[in-house]
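Each chain, written out:
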Amino acid sequence: MLYNYKLGVHVRRLRVSIIQHDYLWRMHFQHLMSLVVFVWPKASVGDVLNVCMDAKHHKTNPGPEDDLHGQCIPWKENACCTSNTSLEAHKTLSYLYTFNWHHCHPLGFPKMSEQCRRHFIQDTCLYECSPNLGPWIRKVDSSWRKERIAFVPLCKDDCEQWWNDCRLDYTCKKNWHKGWNWTTGTNHCPKDAHCRRMDKVFPTAKHLCETIWSNSYKFTNHSHTDGRCIRMWFDSGTNPNVAVARLYAKEMGLFSVSAPLHPFISLLASAIVLSLLKV
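This report concerns the structure included in the present document. From a predicted model like this one, the values you see are computed outputs, not experimental measurements.

About the thresholds
- Residues numbered from 1 in each chain as written.
- Predicted model: local features only at pLDDT ≥ 70, side-chain atom pairs only at ≥ 80, totals over all residues.
- Heavy atoms only, no water.
- Disulfide = S-S within 2.5 Å.
- Helix = DSSP H or I, 4+ residues; strand = E, 2+ residues; numbered from the N terminus.
- 1 Å grid on protein atoms, 1.4 Å probe; cavity = no way out; pocket = protein on both sides within 12 Å on 5 of 7 lines; lining within 4 Å.
- Points joined across faces, edges and corners; volume = space filled by probe spheres on them.
- Nonpolar A, V, L, I, M, F, W, Y, C, P; charged D, E, K, R; others polar.
- Buried < 20%, exposed > 50% of the residue type's maximum accessible area, 1.4 Å probe, protein only.
- Lys, Arg positive; Asp, Glu negative; His and termini not counted.
- Salt bridge = Lys/Arg side-chain N within 4 Å of Asp/Glu carboxyl O.
- Polar contact = N/O pair within 3.5 Å; in protein donor to acceptor, adjacent residues only side chain to side chain.
- Contact = heavy atoms within 4.5 Å.
- Core = buried A, V, L, I, M, F, W, Y, C linked by side-chain atoms within 4.5 Å.
- Phe/Tyr/Trp six-rings, centres within 6.5 Å; stacked < 30°, edge-to-face > 60°.
- Lys NZ or Arg CZ within 6 Å of the ring centre and 35° of its normal.
- Expected span 1.5 Å × (residues − 1).

**Remarks on the state of the cysteines**
Item 1. Tallied over the entire structure, the rule returns eight disulfides.
Item 2. Linked covalently through their sulfurs, C72 and C125 form a disulfide whose S-S length is 2.0 Å. Judged by the sign of its S-S torsion, about -80 degrees, the cystine formed by C72 and C125 is left-handed. Here C72, found in the loop between α2 (45-49) and α3 (83-88), pairs with C125, found in helix α4 (residues 114-129); they are 53 residues apart in sequence, far enough to count as distant.

**A closer look at the layout of surface pockets**
Item 1. Of the voids in this model, the largest pocket is the one considered here, and its volume is about 600 Å³.
Item 2. Together, 28 residues line the largest pocket, and Y97, F99, W144, H177 and W213 are the ones closest to its centre.
Item 3. It is α4 that contributes the most residues to the lining of the largest pocket, four residues altogether.
Item 4. Across the lining of the largest pocket, the residue classes break down as 14 nonpolar, seven polar and seven charged.

**Quick word on the side chain of R145**
Item 1. Here R145 lies in the loop between β1 (137-139) and β2 (147-149).
Item 2. For the buried R145, no salt bridge exists, and the shortest N-O distance to an oppositely charged side chain is 8.0 Å, to E128.
Item 3. Within polar-contact distance, the side chain of R145 engages the side chain of Y127 at 3.0 Å.
Item 4. The residues touching R145, leaving out its near neighbours within four places in the chain, are D54, A55, K56, Y127, V140 and H177.

**Here's the deal with the nonpolar core**
Inside soluble globular proteins, nonpolar side chains tend to come together where they are buried.
Item 1. Counting residues in each nonpolar core, the largest one holds 56 residues, and the members touching the most others are F120, W162, W176, W213 and Y217.
Item 2. Elements supplying a minimum of two residues to this core: α2, α4, β3 (152-154), α5 (156-166), α6 (198-201), α7 (205-211), β6 (217-219) and α8 (241-251).
Item 3. The greatest single-element share of this core, amounting to seven residues, is contributed by α4.
Item 4. Residues in contact with W162, not counting those within four places in the same chain, are H119, F120, D123, L208, C209, I212, W213, Y217 and M232.

**Quick word on the packing of aromatic side chains**
Item 1. Taken as a whole and judged by the stated rule, the model has 15 aromatic pairs.
Item 2. Ring centres of Y97 and W144 lie 5.7 Å apart, and the angle between their planes is 70 degrees; on these two criteria the pair is classed as edge-to-face. Within this pair, whereas Y97 is found in the loop between α3 and α4, its partner W144 is found in the loop between β1 and β2, the two being separated by 47 residues in sequence.
Item 3. Overall, the relative accessible area of 34% leaves W144 in the partly exposed class.
Item 4. Here the aromatic cluster, defined as three or more aromatic residues joined through ring pairs, consists of F99, W101, F120, W162, W176, W180, W213 and Y217.
Item 5. Lying over the aromatic face of W180, K173 brings its terminal NZ or CZ to 5.6 Å of the ring centre.
Item 6. The ring of Y248 is capped by R228, whose NZ or CZ atom sits 5.5 Å from the centre of that ring.

**Points about α4**
Item 1. Look at α4: 22 Å from first C-alpha to last across 16 residues, which is about the 22 Å you get at 1.5 Å a residue.
Item 2. Of all 16 residues in α4, 13 are buried, a share of seventy percent or more.

So, to be careful, I would describe these as geometric facts and stop short of saying anything about function.
Right, here's the structure in full:
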């Protein structure tokens, strides 16, 4: 009887010890996981806010480019384009995409005006040079690029000025991404296409910005001063699109808004594991 009683006591103590150990393990594990969740972002902030898309002429990583050309200069502090890419962006027919802005000229219409073409140069500079388009980069299955941008929220001011400066120019197509005749190595209007004034092809600034490059851009009602739209045009110095990209990335849940990952987490994790081994 005494033996059975002592055995029962040992069994009960062992059960209590096991329960205590299990509780401590659970508490420590939950504590560690809560810390990891708190400091571990959903994605690296750099992967979203300072990134170059995987496309035809983009650099692998953004960085300073002291010799950017002309309208691409505002991105020189941190750019996804090279000096040569920025130079080619300003040419009437460059090796970048061999795209002919004057595609209606062979059909007897005027060449694209300089006031209109400067917006397409700026559009190219934004696309090729900006490291702040991460929230809108999408994967694509294309022969010439693996990623593209989609629905980038452009400022109303930029879209409307673009439309105003181009409305009296001519084009034969709404979507300039596809449907051209490329048999000569550059784009020509497809057979039976008719050139019309751009304000007839694109009745509003919204139509122009959203349609011309397959919804690469999204027209917004925000102005430059709102801080809620990507600016095509800005002066050299502080890039306003850095803050805009961060704002949208947070709203889209692309990375954690809590504390950033800190090096001490590995030391903390090690300390918790050692304490568990001593329990």
